[in-house]
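Spelled out, the chains give:
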Amino acid sequence: MKTDINDFMESLKARTPGEREFHQAVQEVVESIWDVYKQNPRYQKAKILERMVEPERVIMFRVPWIDDRGEVQINRGYRVEFNSALGPYKGGLRFHSTVTLSVLKFLGFEQTFKNSLTTLPMGGGKGGSDFSPKGKSDNEIMRFCQSFMTELARHIGPNTDVPAGDIGVGGREIGYLFGQYKRLRNEFTGVLTGKGLGWGGSLIRPEATGYGAVYFVQHMLDRLGKDIAGQTVAVSGFGNVAWGAISKINELGGKVVTISGPDGYIYDENGVSGEKVDYLLELRASNNDIVQPYAEQFGAQFIPDKKPWERPVDIAMPCATENELNIDDAKQLVKNGCFLVAEVSNMGCTSEAAEYLTEAIHYAPGKAVNAGGVAVSGLEMSQNSMRMNWPKEEVDHRLHIIMHDIHETCVKYGFNGAKVNYVVGANVGGFVKVADAMLAQGVV
Ligand code: 2IT
C-alpha cells in the first residue's frame, strides 16, 4: 500500500513542484482513503483520485492599487476553483503575506471534503492574495478590495462560485468586495457570504466556526463520558475563529487560559472571559496583528515568540493557521496532561503531530472541527436564495444538527472498534460523497 501511495505522491509532486502545503494535504487524505479507493474498482477506472487532485480551474491575476502616499502597489490575486461535484465552488478568501498558490491549493483541496461533510450542496474552492491588511489604512483596504474584485467578478456568481472570508478577510473586506461586485454586475445576489446582517448576512455566521468547533468538541467529550464544563483550554490565535470558540467555551463553563498572535502568546490564569472576549474584536480591528496589548490592558502574562502549547491544559484548540502545532508541541501537550486536541485552523497540526496525537490521545482535524463556518455560509446562501432571514435560533439549531452529523460521519468511517480515528473518518466520509457524485457526472 505504501509503495502505491508513494507512486501516486511522486507523480503528483512531479507535476506540482514545490507545492509543499498542497502535497501535505493530499498525502493525508490519500493515506486515509487508499483502502476505500482500492476496494472500489469504479473509482479507479474513472481515475477519481487523479482528477480530484487537479483543480477544475485556477485563476491568477494582477491586483494593482494605489496606496495612501500615491505609490502604485502590485499584489497577486488567486481563485482556485477546485471541485464542483457537489455544488458551486465555495470557500474563503485569504489576504495574508504568506499566501501562495500552494497554500490556496491545499485550502481548496481540504475545502472540498469539508464542504462535503457539511451535507450542504457546496463544491470546494479557495482564493485570496499575498496582500497583507496589516498596517494598511481603511482606504487602502477598500481600494485593494475594489481592484481585486474588478477581476474576480467575472469568474464568480451565486450559482458558480461563492467566496467568503478567511484570514485577513472579515466583515469589512466582504463589504468592500460585495459593493464592487454589485456595482460591476448591477446585481444584488448572494455571491459572497459573511455579509453584514442588514444586507443579506446570516445571524451566527461570525460566530459559526468557533461555535461549531465547540459543538464538535462536545460530541467528542460525550463519547468519553466527559463534559466541557470545568475543562481548561488552550486556544491560539485571536481573530474571529478564536473569538467564537472562546465565547462558546465560556458559555458552557470551560476556561480558556491562552490566546496568541505572531508576536507571542498571552497566559491569563483567570480566564479569557467577559469584556476580555470583546476586546479580541478591538485587537483584530486595530490591524496591528499583535496580542501583547491584551497583557497591558488586563494584567495577564505575555510570553514573546512562544506558542501556547507549553502550558498544562486539558484541551487544546489551535485557531490560528496551518502547521502551528508541531510534533514537539504535541508531545509537550500530552506530557502536561492534555487529552484532546481539536484542530480549528485548517491543517493546524503538522502531519507528524496529527499522527502522534491520533495515537496518543483524541485528535480531530480541521476539516471536521471547523466546518461550522462554511456550513453557516451555506445557510446564508439558502436564505439569500429564499430572500429571507432566519432567526438566530433557527441558524444555531441547524448548525447543531450539522456538527452532530459530521461527528456521526467521523464515527461511522473512523471507529476501529476501540477508538475513533477522526482523520480517517473525516477524510473517508468527505471523499465518498464527492467520489460518487463525480462518478455519476461522467468524465468532466
Ligand atoms: O476555511 C473555511 O472553511 C473558511 N474560511 C470559510 C469558508 C466559507 O465559505 O465560509
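Our subject in this report is the structure included herewith. What you see is a predicted model, and the numbers here were worked out from it, not measured in a lab. (Residues numbered from 1 in each chain as written. Predicted model: local features only at pLDDT ≥ 70, side-chain atom pairs only at ≥ 80, totals over all residues. Heavy atoms only, no water.)

### Describing the site of the ligand
- As a matter of local geometry, the ligand sits amid 14 residues, with Lys90, Lys114, Asp166, Arg205 and Ser377 nearest to it.
- Between the ligand and lysine 114 there is a distance of 2.7 Å, counted from an oxygen atom to a side-chain nitrogen or oxygen.
- A distance of 2.9 Å separates a nitrogen atom of the ligand from a polar atom in the side chain of aspartate 166.
- Bound to the protein, the ligand loses 93% of the 290 Å² it would expose on its own.
- Within the residue set of the shell around the ligand, elements represented by two or more residues are β3 (89–95), α5 (101–117) and α15 (371–386).
- Of the residues assigned to the shell around the ligand, the class counts are two nonpolar, seven polar and five charged. (Near = heavy atom within 4 Å. Polar contact = N/O pair within 3.5 Å; in protein donor to acceptor, adjacent residues only side chain to side chain. Areas by Shrake-Rupley, 256 points an atom, 1.4 Å probe, with all protein chains shown as cover. Helix = DSSP H or I, 4+ residues; strand = E, 2+ residues; numbered from the N terminus. Nonpolar A, V, L, I, M, F, W, Y, C, P; charged D, E, K, R; others polar.)

### Remarks on unusual backbone geometry
- Located in the positive-phi region is asparagine 186, a residue other than glycine, with phi close to 55°.
- One can find asparagine 186 in the loop between α7 (171–185) and α8 (205–223).
- The exposed category is assigned to asparagine 186, whose relative accessible area is 73%.
- Within the chain, aspartate 305 stands out as a residue other than glycine whose phi angle is a positive 60°.
- Checked against the element boundaries, aspartate 305 lands in the loop between β9 (301–304) and β10 (315–317). (Buried < 20%, exposed > 50% of the residue type's maximum accessible area, 1.4 Å probe, protein only.)

### Considerations on the side chain of glutamate 21
- With respect to the secondary-structure elements, glutamate 21 resides in helix α2 (residues 20–38).
- For glutamate 21, the side chain forms a polar contact with the side chain of arginine 20, separated by 3.2 Å.
- In contact with glutamate 21, not counting residues within four places along its chain, are Ser102, Val103, Phe106 and Met347. (Contact = heavy atoms within 4.5 Å.)

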